[in-house]
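So the chains spell out like this:
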Amino acid sequence: MTRLCVVAAGGTGGHMFPAEALAREMTARGWRVVLATDHRGEQYAQAFPAEERLALDAATGSGPVALARAGISIVRGVAQARSAFTRLQADVVVGFGGYPSAPALVAAILQRRPTLIHEQNAVLGRTNRILAPHVRAVASSFPTLDRASPAVKARSQVVGAPVRADIRALFDRVWAPPADGPINILVTGGSQGARILSETTPRALADLPEALRTRLRVQQQSRPETLDAARQIYLEAGIEAEVAPFFRDMATRLSAAHLVIGRAGASTCAELAVAAMPSILIPLKIATDDHQRLNAKLLTDVAAAEVILEDDVTVQSLTASVAAVLADPARLPAMSAAARSVAIPDAAQRLADLTEATAG
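Each value, and the rule that gives it
- Residues numbered from 1 in each chain as written.
- Predicted model: local features only at pLDDT ≥ 70, side-chain atom pairs only at ≥ 80, totals over all residues.
- Heavy atoms only, no water.
- Pairing = 2+ DSSP bridges.
- Helix = DSSP H or I, 4+ residues; strand = E, 2+ residues; numbered from the N terminus.
- Axes fitted to C-alpha atoms, helices over the stretch in contact; angles between N-to-C directions.
- Contact = heavy atoms within 4.5 Å.
- Buried < 20%, exposed > 50% of the residue type's maximum accessible area, 1.4 Å probe, protein only.
- Polar contact = N/O pair within 3.5 Å; in protein donor to acceptor, adjacent residues only side chain to side chain.
- Arc of directions from axis to C-beta.

Engineer: How would you explain the sheet that holds strand 12 (residues 279-281) if you had to name every residue and give the values?
Structural biologist: Pairing within the open sheet is parallel, and its six strands lie in the order 10-9-8-11-12-13. Lying at the two open borders of the sheet, with one neighbouring strand each, are strand 10 (240-244) and strand 13 (305-307). Taken over all neighbouring pairs, the strand axes of this sheet differ in orientation by 15° on average, direction set aside. In this fold helix 7 (residues 195-206) packs onto strand 8 (183-187), strand 9 (216-221) and strand 11 (259-262), with an angle of close to 170° to the strand it touches most, strand 9.

As structure tokens, then:
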């Protein structure tokens, strides 16, 4: 009988994408895959390669009443998972964090099934923090694993963060510096409520010295309500720019870019490394446990990126940072080489190897 891997992931893209990457790799190796999530997570799982989907009860909350209700939901979810795992004869259960992954992992631990967690961020998330001491193996995306106990850190393995296949392909291409030609700048993250990126970046780029400004070719994701203002700023500054709420062909745009300005989510940092991309990062201030700032350390520790903390972002500070990176012809190539040096392009394969080893 083909072996079965249960992938348990929370209801956000940040949890679901690496789970999907593992599922595809395990399927390619001949494993059967079942997805365990909650009802919220199903909206991210349309293309998830699983023979069955378990919608387990799970919840979280703050305050005594909400926590009590969440506890009841999780107990119900654990019972559902135990019954399903017995029926399916699950060989290994892999969790990717988020409270919806908890019932599946707790059920597997109680049944003494092989278990593994993968942490996407440089900070061990709350659910993974609770479960890490009780699972057989811990995998991390980053060398830093803040909020983990010394015992968990000692047995964790850095496997990296799986990236999409079209992004992975960029690792094999040669990043080309702008030389004396156009400088392509890609601004990401502005479509998801990042007003600081949508509004500040156009003004900062417009304030660059004319010798740099006239060479810029900008592609920027922006909030819908700031599209027209951004376009007008670029037009008046003589900067060729495409401003849109969302870019579907991100790999193509990343391939042509010389510099990225954006947030420091786990997937973003992994993609920048794989694409050998210089960057200026503005970590999301309200990210849980300040994990975006710690994610960025992967790149800043090797001088592949500049970081401006959100409280320090002004038009002047962003202009100065961009000017410092672009004014020195040797700077961008050095940042690109540094980013590539910390990339883990085979993260999905490494995570699958650890999953198979954990299953025994």
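Back to the text.
Engineer: So, the side chain of Ser-140: which residues are in play, and what are the values?
Structural biologist: Within the secondary structure, Ser-140 sits in strand 6 (residues 137-140). On the accessibility criterion, Ser-140 (1% relative accessible area) is buried. Among the polar contacts listed, one links the side chain of Ser-140 to the backbone oxygen of Phe-142, at a separation of 3.1 Å. Not counting residues up to four positions away in its chain, the partners in contact with Ser-140 are His-118, Glu-119, Leu-145, Gln-157, Val-158, Val-159 and Gly-160.

Engineer: Provide a residue-level description of the pairing of strand 2 (residues 32-37), including the pertinent values.
Structural biologist: Successive side chains on a regular strand alternate, one facing one side of the sheet and the next facing the other. Within strand 2, six of the six residues are buried, which leaves it mostly tucked inside the rest of the structure. Every second residue of strand 2 is oriented toward a common face, with Arg-32, Val-34 and Ala-36 on one face and Val-33, Leu-35 and Thr-37 on the other, all of them buried. Sheet analysis places strand 1 (residues 4-8) next to strand 2, joined by five bridges and oriented parallel. Residue pairing in the sheet places Ala-8 in a bridge with Ala-36 of strand 2.

Engineer: Tell me what's going on with helix 9 (residues 227-237), and back it up with residues and numbers.
Structural biologist: Where helix 9 is concerned, the buried positions are Leu-227, Ala-230, Tyr-234 and Ala-237. On an axial view of helix 9, the arc spanned by its buried residues comes to 110°, and they lie on one face. Turned more than 90 degrees away from the buried face of helix 9 sit Asp-228, Leu-235 and Glu-236, all of them exposed. The elements touched by buried residues of helix 9 are helix 7, helix 8 (210-213), strand 9 and strand 10.

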